[in-house]
Amino acid sequence: TSPCKILKCNSEFLAATSGSHHLGTEEVPEFCTALRAYAHCTRRTARTCRGDLVYHSAVHGIDDLMLQHNCSKDGPTSQPRLRTLPPGDSQERSDSPEICHYEKSFHKHSAAPNYTHCGLFGDPHLRTFTDTFQTCKVQGAWPLIDNNYLNVQVTNTPVLPGSSATATSKLTIIFKSFQECVDQKVYQAEMDELPAAFVDGSKNGGDKHGANSLKITEKVSGQHIEIQAKYIGTTIVVRQVGRYLTFAVRMPEEVVNAVEDRDSQGLYLCLRGCPLNQQIDFQTIRSAQATEGRARRKGPSLPARPEAFTYETATAKCREKLPVEDLYFQSCVFDLLTTGDINFMLAAYYAFEDVKMLHSNKDKLHLYERTRDLAPGNTAPLGTPSGLWVALLCLSQCWLGFL
């Protein structure tokens, strides 16, 4: 339903150039004709696509391809032809050149790469590549990852009308074209739509010889997909829990830090975290005005709340799935108090399950509150009472009080 038609432009260009990625001299005019048609299509949708990450990526990609193939911007354009898959198409290939396997090509004569993890879930809670845990507002579109190999952008929308609580309603992942391994591929998910394919309908990296170094696998229909990008040693997990999306990634440090200008990556949330003005600092909230009784009084007036949780019922519910009282458990309690939606408990649970699968350091799976009295790391004992609980409750009820 979006007025931005860039995905249609992308599909038409891929259909017009299918099978012609290894261009001979005689094929260059045909490719340039299709490229000009692609550029014309993007110009038609420019006004409605100004804030779309896929659109801007396509515009830059067109300019790069025109330079690479010495294409003139003036000349004939062509109508896209239907894509036909020849026998033995790359959709069925299992072999890939060595350069399309990260561990074999990048680290042939050195130690195994160091892998890092980033995750986003719930209301929304962010675990960065450096194991910093934050709760942020970040309403609207924000870049999670932006490096030389891929871009990931999320869009967060209010959970309830007029509420400060937000959750991820849209996710866009752009895998950039890489040598002989993969063509540029775009994956996009939205509320109630978790596809098991890229936007052009393919499930791998395209027509190149190493196409299967990028593959999508559907784990649970409409609920859980996994993307393996072996050429950059990366695994991405996307889930829909309730109405909203969660994101988790495992990526080598070398890929994480592969940026043209590191100083310009200030909004790369997985690397730098949320901007200070978007972070919710639990420890500064000490108001005693918000009590559990007030939560019960305010609860019935909230629009579309499935259930009004008290502090006791929220902690009991979260303990069913998250027995360790770490930041995932605390996030679960916070989300139940602020939204009343039981699916946020499941989002925290699955986020931690993804951490167990993707994080390379099993000693750092759990994260705990860090205070000035604690050294950096996971040093808080499990049974220590935390002032964060009071802050979480206060914050949640303060938000409810504004509704």
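Going by what an unreviewed UniProt entry lists, the protein chain is known as Repulsive guidance molecule A and is assigned to Chlamydotis macqueenii. Here the protein chain is described in UniProt, under the heading Subcellular location (unreviewed entry), as follows: "Cell membrane".

**Q** Help me get a handle on the pattern of salt bridges, residues and values and all.
**A** A side chain with one charge may pair with a side chain of the opposite charge, provided their charged atoms come close. Within the structure shown, the criterion is met by 7 salt bridges. The partner of Glu320 in a salt bridge is Lys317, and the shortest N-O contact between them spans 3.5 Å. One end of the pair is Glu320 and the other is Lys317, both in helix H8 (residues 311-321) and 3 residues apart, which spans about a single turn. Of the residues examined, Lys317 reaches a relative accessible area of 25% and is grouped as partly exposed. Here Glu353 and Lys356 are joined by a salt bridge, their closest N and O atoms 2.8 Å apart. Of this pair, Glu353 and Lys356 are both found in helix H10 (residues 343-358), 3 residues apart, which corresponds to roughly one turn of the helix. Take Glu353: its relative accessible area is 25%, and that puts it in the partly exposed class. The class of Lys356 is partly exposed, set by a relative accessible area of 37%.

**Q** Residues and numbers for the packing of helix H9 (residues 327-339) against H10, please.
**A** It is at 8 Å that the axes of H9 and H10 come closest, and there the two elements cross at 160°. Taken together, H9 and H10 sit at an angle that is classed as roughly antiparallel. Crossing of H9 against H10: the hand is right-handed. In contact with Tyr328, Cys332, Asp335, Leu336 and Thr339 of H9, H10 contributes Phe344, Met345, Ala348, Ala351, Phe352 and Val355.

**Q** So what about unusual backbone geometry? Which residues, and what values?
**A** Located in the positive-phi region is Val138, a residue other than glycine, with phi close to 30°. Positive phi outside glycine occurs at Gln179, with the angle close to 45°. Following the sequence through the fold, Gln179 ends up in the loop between strand E6 (166-175) and strand E7 (185-190). For Gln179, a relative accessible area of 49% translates into the label partly exposed.

**Q** Account for empty space enclosed by the protein, with residues named and values stated.
**A** Overall, the coordinates contain 3 cavities of 30 Å³ or more when judged by the stated rule. Counted as a void, the largest cavity has a volume near 70 Å³. Of all the elements in the fold, those that place two or more residues in the lining of the largest cavity are strand E11 (244-252) and H10. Residues belonging to the lining of the largest cavity are distributed by class as follows: 6 nonpolar, 4 polar and 2 charged.

**Q** So what's going on with the side chain of Asn156? Which residues, and what values?
**A** On the secondary structure map, Asn156 appears in strand E5 (residues 150-158). Polar contacts involving the side chain of Asn156 include one to the side chain of Thr168, which spans 2.7 Å.

Quick notes on the rules
- Residues numbered from 1 in each chain as written.
- Predicted model: local features only at pLDDT ≥ 70, side-chain atom pairs only at ≥ 80, totals over all residues.
- Heavy atoms only, no water.
- UniProt positions renumbered as here; feature names shortened; annotations may be inferred.
- Salt bridge = Lys/Arg side-chain N within 4 Å of Asp/Glu carboxyl O.
- Helix = DSSP H or I, 4+ residues; strand = E, 2+ residues; numbered from the N terminus.
- Buried < 20%, exposed > 50% of the residue type's maximum accessible area, 1.4 Å probe, protein only.
- Axes fitted to C-alpha atoms, helices over the stretch in contact; angles between N-to-C directions.
- Parallel < 35°, antiparallel > 145°, perpendicular 65-115°, else oblique.
- Left-handed = near helix turned anticlockwise from the far one by under 90°.
- Contact = heavy atoms within 4.5 Å.
- 1 Å grid on protein atoms, 1.4 Å probe; cavity = no way out; pocket = protein on both sides within 12 Å on 5 of 7 lines; lining within 4 Å.
- Points joined across faces, edges and corners; volume = space filled by probe spheres on them.
- Nonpolar A, V, L, I, M, F, W, Y, C, P; charged D, E, K, R; others polar.
- Polar contact = N/O pair within 3.5 Å; in protein donor to acceptor, adjacent residues only side chain to side chain.

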